[in-house]
Amino acid sequence: MTILFLSTLSHGLLDAITTGGKGVGFFIPFDNSRFFFPLRVIKVSPIGIEKFFSEWGVNVIVSELKYIAVPCGIILTVLLLLKKSKTD
C-alpha cells in the first residue's frame, strides 16, 4: 500500500519537472490551473513506439536514469544501510 501511495504522489511531482505537456493540474477539480516547477529537467517521452526507439527516446531514458533512477537508488541504498546498522 505504501508503494502505491508513493507512486501516486510522486507521479504528479515528476510530471511537473518535465520539459513538455500542458502542466500538472494539482488542484483539479477545484481549480483548472496547470503548473510546472521552475526546474524542468526530465525530458518528455515521445508518443509512439517508433519515436521511442530513436535518439529522442534514448535522451529520455538517459534523463530518467539521471534524475529519477539514480537518486532513488541512492536513497534506497542509504535507507537499507541505516536499517542494517540499527539491527547490528
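Now for a look at the structure at hand. (Residues numbered from 1 in each chain as written. Predicted model: local features only at pLDDT ≥ 70, side-chain atom pairs only at ≥ 80, totals over all residues. Heavy atoms only, no water.)

A look at the side chain of T18
Mapped onto the fold, T18 is located in the loop between α1 (2–15) and α2 (49–52). Of note is the side chain of T18, whose polar atom sits 2.8 Å from the backbone oxygen of D15. (Helix = DSSP H or I, 4+ residues; strand = E, 2+ residues; numbered from the N terminus. Polar contact = N/O pair within 3.5 Å; in protein donor to acceptor, adjacent residues only side chain to side chain.)

Remarks on the packing of aromatic side chains
Applying the stated criterion across every chain yields a total of four aromatic pairs. Note on F27 and F35: the rings are 5.8 Å apart at their centroids and 85 degrees apart in plane angle, and the pair reads as edge-to-face. You can call F35 partly exposed: its relative accessible area is 32%. Geometrically, the ring pair formed by F52 and F53 is edge-to-face, given 5.7 Å between the ring centres and 85 degrees between the ring planes. F52 gets classed as partly exposed once you look at its relative accessible area, which sits at 26%. Judged by relative accessible area, F53 falls into the exposed class, the value being 67%. Taken together, the ring pairs in this structure connect F26, F27, F35 and F37 into an aromatic cluster. (Phe/Tyr/Trp six-rings, centres within 6.5 Å; stacked < 30°, edge-to-face > 60°. Buried < 20%, exposed > 50% of the residue type's maximum accessible area, 1.4 Å probe, protein only.)

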